[in-house]
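Structure at a glance
Listed below, chain by chain, are the residues.
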Amino acid sequence: MKKQRLLPILTLFLAISCRNPQSSFSPYLTGQPETDGSLKMLYRTLSHTETAEGRFILINRISQILRNADRITFDLFLQHILLTYPEDPFNAYYLLQRAQNCEDLKNPGAARVHYMRLLKEYPELTLEGRSLSERALEKSLALTRDADTRIELYKMKLARNPEPMQKTEIYYHLAKAYEEKKEWKKALTAYENFLGSPYVAIHNDPIAYSSAVKKVKLSKFQSVDWVYDDLNRLVGDIKYAIRTRNARLIQRYQSQAGFFASSWAQDELEAESSFQSGIGAILQRQPIRYRDTLDPISNDREAYLETWNWQYQVGKWYFYFTKIDYPADPEINGKWEWAGIYFGDKHFTTGTAEEQ
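Residues numbered from 1 in each chain as written. Predicted model: local features only at pLDDT ≥ 70, side-chain atom pairs only at ≥ 80, totals over all residues. Heavy atoms only, no water.

**Section: the sheet that holds strand β7 (residues 336-343)**
Strands in a sheet are paired, the pairing made by backbone hydrogen bonds, and the direction either parallel or antiparallel. Ordered in space as β3-β7-β6-β5-β4, the five strands form an open sheet in which the pairing is mixed. A strand with exactly one partner marks an edge of an open sheet, and here the two such strands are β3 (260-263) and β4 (289-290). Here four bridges tie β3 to β7, and the two strands are oriented parallel to one another. Residue pairing for β7: S263 is matched across the bridge by F343. (Pairing = 2+ DSSP bridges. Helix = DSSP H or I, 4+ residues; strand = E, 2+ residues; numbered from the N terminus.)

This is the structure in structure tokens:
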């Protein structure tokens, strides 16, 4: 009989509790009396606030308190807000805060999920003149290693950046992502778009343009007859052309896919055809000297040969040799070519090899 009387009382208590706005916020208290006193007052006001703008002010104040007090509770509170107000126009901002909080908690996987949700599920929102989607896009790229996802994100960036100058670097990174996927045709199309866009220096990649030029040009050759399996044989043949002042041979050994001529500080931009053909003419006017051995900074992928007495603006030239990086064609990938010339002294030591 007592159990029967208790049942209606318990039901009434639960109904009152569900109507009590404070009960829904109890999991988002910190256990610190002074802090929780402020939070309860803010929660009470929030539960009676009907406008998104009013909630935004209160949620930001609560977020500031929780962020300083307990990051886990802060995340749970934001999750609660997103579930409670699914149509709130500021939800993209709250989700961005969740993502940034996950990064601070050293949980990049969860952060990436939130950033991607913001990009795919929420409308564009601009706060203080800055697009939240653009911020989420940059963060997603920084946290993503998967090539498929990076391709998807770079395509999003292209769609959001109509200015040609803004697209240049995107095309370059898109090409690199396609290469990682071994989708060579799409990579070459992206490289062509990159080269056709306004010039922009690529961060941490000084050979971005020369590398792109080479790959695009190599894709159009039916026969690549200037490459060598053996570096020593290539260098030996070039030394012979210098000794004999053979203009035809010296031009034949130059790479036909983006041969460059630049100072050490410049990007490796393709040399003009008049300069390439003019090397032989200079060679015939006076004897050119070269080192017996390759420069000490040479390695298994790049090599340098010091030459001098050119009497062309700068008398000392370093011939630069490199292994071809073109996995789209296994027949030439990894073979050696004379790729270009650096003018002037290096800013590092070269050793004491004997001159010839």
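**Focus: the packing of aromatic side chains**
Aromatic ring pairs are reported here in terms of the distance separating the ring centres and the angle at which the planes meet. A complete count under the given rule lists 28 aromatic pairs for this structure. Between Y320 and Y342, the ring centres sit 5.7 Å apart and the planes meet at 70 degrees, which makes this aromatic pair edge-to-face. With a gap of 22 residues between them, Y320 in strand β6 (residues 317-323) and Y342 in strand β7 connect regions that are remote in the sequence. Exposure remark for Y320: the relative accessible area of 5% places this residue in the buried category. Owing to a relative accessible area of 7%, Y342 belongs among the buried residues under this scheme. Through successive ring pairs, a cluster of aromatic residues spans F259, F275, W310, W317, F319, W338 and F343. Just above the ring of Y85 sits the side chain of R55; from NZ or CZ to the centre is 4.3 Å. (Phe/Tyr/Trp six-rings, centres within 6.5 Å; stacked < 30°, edge-to-face > 60°. Buried < 20%, exposed > 50% of the residue type's maximum accessible area, 1.4 Å probe, protein only. Lys NZ or Arg CZ within 6 Å of the ring centre and 35° of its normal.)

**As for the pairing of strand β5 (residues 302-308)**
Among the seven residues in β5, six count as buried, and that is most of the element. The pairing of β4 with β5 spans two bridges and is antiparallel. Across the sheet, residue R289 finds its bridge partner in β5, namely W308. As judged from the six bridges shared by β5 and β6, these two strands associate in the antiparallel manner. In the strand pairing of β6, Y304 is matched with Y320.

**Structural notes on the side chain of K214**
Mapped onto the fold, K214 is located in helix α11 (residues 208-218). Excluding its chain neighbours within four sequence positions, the residues that come into contact with K214 are S255, A257, E337 and A339. (Contact = heavy atoms within 4.5 Å.)

**Details of the confidence of the model for the protein**
Looking at the protein as a whole, the pLDDT averages 88, with 90% of positions reaching at least 70. Low pLDDT, under 50, characterises residues 1-21; the stretch is placed with three contacts to residues that sit more than four places away or in other chains. Note that residues 350-356 has pLDDT below 50 and, in this model, 16 contacts with residues that lie over four places away or in other chains. (pLDDT = per-residue confidence, 0-100.)

**Concerning the pattern of salt bridges**
Here the structure, examined in full by the defined rule, presents 19 salt bridges. Between E306 and K316 there is a salt bridge, and its shortest N-O distance comes to 3.1 Å. One end of the pair, E306, is in strand β5; the other, K316, is in the loop between β5 and β6, and 10 residues separate them in sequence. The class of E306 is buried, set by a relative accessible area of 4%. (Salt bridge = Lys/Arg side-chain N within 4 Å of Asp/Glu carboxyl O.)

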